[in-house]
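Single-letter residue listing:
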Amino acid sequence: MSKAAADVIAKARKRGMVVYGEPITAGLATDGSNYWSKDWAHAAAFVMSPPLNPTRPPPSTSPRCWPVGFAICDASQCYLLLRLSGDLQVTASAHASFSTAQKAVGKDDFSLIPEGTNGVEERMAIVWDAAVSTGKMDENEFVAVTSTNAAKLFNIYPRKGRIAVSSDADIVIWNPKETQTFSAKTHNLTVEVNVFEGLEVRGGPTIVISGGRIVLEDRKLSVTEGTGRFVPRKAFPDFVYKRIRARSKMAEARGVPRGNYDGPVHDVTSMTKSVPPTPTTRGAPCPKTLVAPETSTNQVSPLQRIVVPPGGRSNITTLS
């Protein structure tokens, strides 16, 4: 997802539209500058649809292009990570990995190259390192964008995306202090390429539990083929369509049918012109200077004045 695409989603949400954004792992940690590599196998490994956003100009000398680990500091990726705390709701891996031999189907025609990259194994650690470790996101937001929100959007919440009684026992025990370096030599895939090769990140899973069984511990994967289960889903999740249904009801609102009024009609405008102004409860403001009463035999000197404080007695002060 590009910065421009994230802006479109953000503006739409501000207008009240029901829309959700989902950047993928490769878009958060690398970019389309790798398409300019002179190494065909390296460039082909990044082919996907839609293509990665070219956030940098193509280098003219390096056969491997920019180091993949450097891409995570790119302004566009950081912008997407900031958006994840508000306008973008989930992160996906878009995982579809192919070996170099499989990608080579398109060696003479790039449009035939199988589209897809790895990302399912690296997704959570990349988001943690770039967002939580840097203070762009807290731990609760991390759980939301990597798990809970996706379960709600796909209408499998609270069976998934929540730790509670009757929910599936799918749990990740996370170690925020762990560091790891992604590499094709150590990942749990049967392909010889990793688009995040050499990228060092903070944070990683210590134990992964799927369906109540430990499937990963101390970076050792232990799974059995055929243990996966189909999860049925209903259409139109409330997380999305509850707002849409509420708006539809508002659109269906109609006026109340009434008969014509046949009573008297008075001209309000002419009546208001003859109504005197309503007196206020407050009295007239107390003057600061008063003339001496007529009954007084004393004459007020030009050099004297009478000061009457509000609510108090008059005092004559001499100015000379």
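For the structure itself, consult the block above.
Residues numbered from 1 in each chain as written. Predicted model: local features only at pLDDT ≥ 70, side-chain atom pairs only at ≥ 80, totals over all residues. Heavy atoms only, no water.

**Q** Can you lay out the environment of Thr146 for me, pointing to particular residues and giving the numbers?
**A** By the secondary structure assignment, Thr146 is in helix H7 (residues 139-153). Taking the C-alpha atoms as reference points, Thr146 and Ala92, 54 residues apart in sequence, are found 7.8 Å from one another. Not counting residues within four places of it along the chain, the set of residues in contact with Thr146 comprises Thr91, Arg123, Met124 and Val127. At a separation of 2.6 Å, a polar atom in the side chain of Thr146 contacts the main-chain carbonyl oxygen of Phe142. (Helix = DSSP H or I, 4+ residues; strand = E, 2+ residues; numbered from the N terminus. Contact = heavy atoms within 4.5 Å. Polar contact = N/O pair within 3.5 Å; in protein donor to acceptor, adjacent residues only side chain to side chain.)

**Q** Explain the environment of Ala131 residue by residue, including any values.
**A** Tracing the chain through its elements places Ala131 in helix H6 (residues 123-132). Residues Ala131 and Phe142 lie 11 residues apart in sequence; the distance between their C-alpha atoms is 8.2 Å.

**Q** Tell me about the sheet that holds strand E1 (residues 171-181), and please be specific about residues and values.
**A** With antiparallel pairing, the four strands of this open sheet are ordered in space as E1-E2-E3-E4. Two strands in the sheet have a free side with no partner beyond their single neighbour: E1 and strand E4 (220-221). Both E1 and strand E2 (residues 200-210) contribute to a ladder of eight bridges, which runs antiparallel. When the bridges of E2 are listed, Gln180 appears paired with Val201. (Pairing = 2+ DSSP bridges.)

**Q** Mind laying out unusual backbone geometry, listing which residues take part and the relevant values?
**A** In the segment running from Ser49 into Pro50, the intervening peptide bond is cis, with an omega of -5°. Of note, the bond from Tyr157 into Pro158 is cis; its omega dihedral lies within 30 degrees of zero at 10°. Tracing the chain through its elements places Pro158 in the loop between H7 and E1. Positive phi, normally seen in glycine, also occurs at Asp218, with a value near 55°. Tracing the backbone shows Asp218 in the loop between strand E3 (213-217) and E4. With a phi close to 70°, Arg219 is a non-glycine residue in the positive phi region. Mapping Arg219 onto the fold places it in the loop between E3 and E4.

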